[in-house]
Amino acid sequence: MTFAHADPHVIAIRAVAPRTPQGCEECLRLGTPWVHLRLCLSCGHVGCCDSSPGKHASAHAHALGHPIVQSMEAGEDWRWCYVDQNFV
């Protein structure tokens, strides 16, 4: 894993709580499945990963300009910047 220590997008990180801790916000509304969950660190949106059919986490990031997500999977402790395509 390569970590970007000077990613300028870390300024977008906020103390957030998951808006839908039970699952992907859009998938729950649509009744569709997801694979893994990602937490938007700008607003608390919970979206599914790019291995999921909806790819809602990256769609949210690109649509709203919220660059960094954190894995919501048990045992995982990483953050990803969609803008720079690297770990932060």
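Heads up: these notes are all about the structure in this document.

Rules used throughout
Residues numbered from 1 in each chain as written. Predicted model: local features only at pLDDT ≥ 70, side-chain atom pairs only at ≥ 80, totals over all residues. Heavy atoms only, no water. Buried < 20%, exposed > 50% of the residue type's maximum accessible area, 1.4 Å probe, protein only. Helix = DSSP H or I, 4+ residues; strand = E, 2+ residues; numbered from the N terminus. Contact = heavy atoms within 4.5 Å. Salt bridge = Lys/Arg side-chain N within 4 Å of Asp/Glu carboxyl O. Pairing = 2+ DSSP bridges. Core = buried A, V, L, I, M, F, W, Y, C linked by side-chain atoms within 4.5 Å. Axes fitted to C-alpha atoms, helices over the stretch in contact; angles between N-to-C directions.

## Some words on helix H2 (residues 56-64)
Since one α-helical turn is 3.6 residues long, residues separated by three or four positions face the same way.
Phase 1 of the analysis: Residues His56, Ala57, Ser58, His60 and Ala61 constitute the buried set of H2.
Phase 2 of the analysis: Buried positions along H2 lie against helix H1 (25-30), strand S1 (37-40) and strand S2 (46-48).
Phase 3 of the analysis: Following H2 by one or two positions, Gly65 has its phi on the positive side, about 75°.

## As for the pattern of salt bridges
Phase 1 of the analysis: Evaluated as defined, the whole model comprises one salt bridge.
Phase 2 of the analysis: In this structure, the salt-bridge partner of Glu25 is Arg19, at a minimum N-O distance of 3.0 Å.

## Concerning the side chain of Ser58
Phase 1 of the analysis: Checked against the element boundaries, Ser58 lands in helix H2.
Phase 2 of the analysis: Non-local contacts of Ser58, meaning those with residues more than four positions away in its chain, are made with Asp50 and Tyr82.

## Description of the pairing of S1
Phase 1 of the analysis: The side-chain alternation of S1 yields two buried faces, one formed by Leu37 and Leu39 and the other by Arg38 and Cys40.
Phase 2 of the analysis: Relative to S2, S1 runs antiparallel, the two sharing three bridges. Following the sheet pairing, Leu37 is matched in S2 by Cys48.

## Structural notes on the nonpolar core
Phase 1 of the analysis: Counting nine residues, the largest nonpolar core is built from Cys24, Cys27, Leu37, Leu39, Leu41, Val46, Cys48, Ile68 and Cys81.
Phase 2 of the analysis: Setting aside residues no more than four positions away along its own chain, Cys24 makes contact with Trp34, Leu37, Val46, Gly47, Cys48 and His56.
Phase 3 of the analysis: Counting seven residues, the second-largest nonpolar core is a separate cluster that includes Ala61, Trp80, Tyr82 and Phe87.

## Let's talk about the sheet that holds S1
Phase 1 of the analysis: Taken together, the five strands give an open sheet; going across it, the order is S2-S1-S3-S4-S5, and neighbouring strands pair in antiparallel fashion. Each having just a single partner strand, S2 and strand S5 (86-87) make up the two edges of the open sheet.
Phase 2 of the analysis: In the packing of H2 onto the sheet, the strands contacted are S1 and S2, and the crossing angle to S2 comes to about 120°.

## Notes on the pairing of strand S3 (residues 68-71)
Phase 1 of the analysis: Here S1 runs beside S3; their pairing, made up of three bridges, is antiparallel. The partner of Cys40 across the bridge, within S3, is Val69.
Phase 2 of the analysis: Inspection of the sheet shows S3 paired to strand S4 (residues 79-81) by three bridges, in the antiparallel sense. Within S4, the position partnered with Gln70 by the bridge is Arg79.

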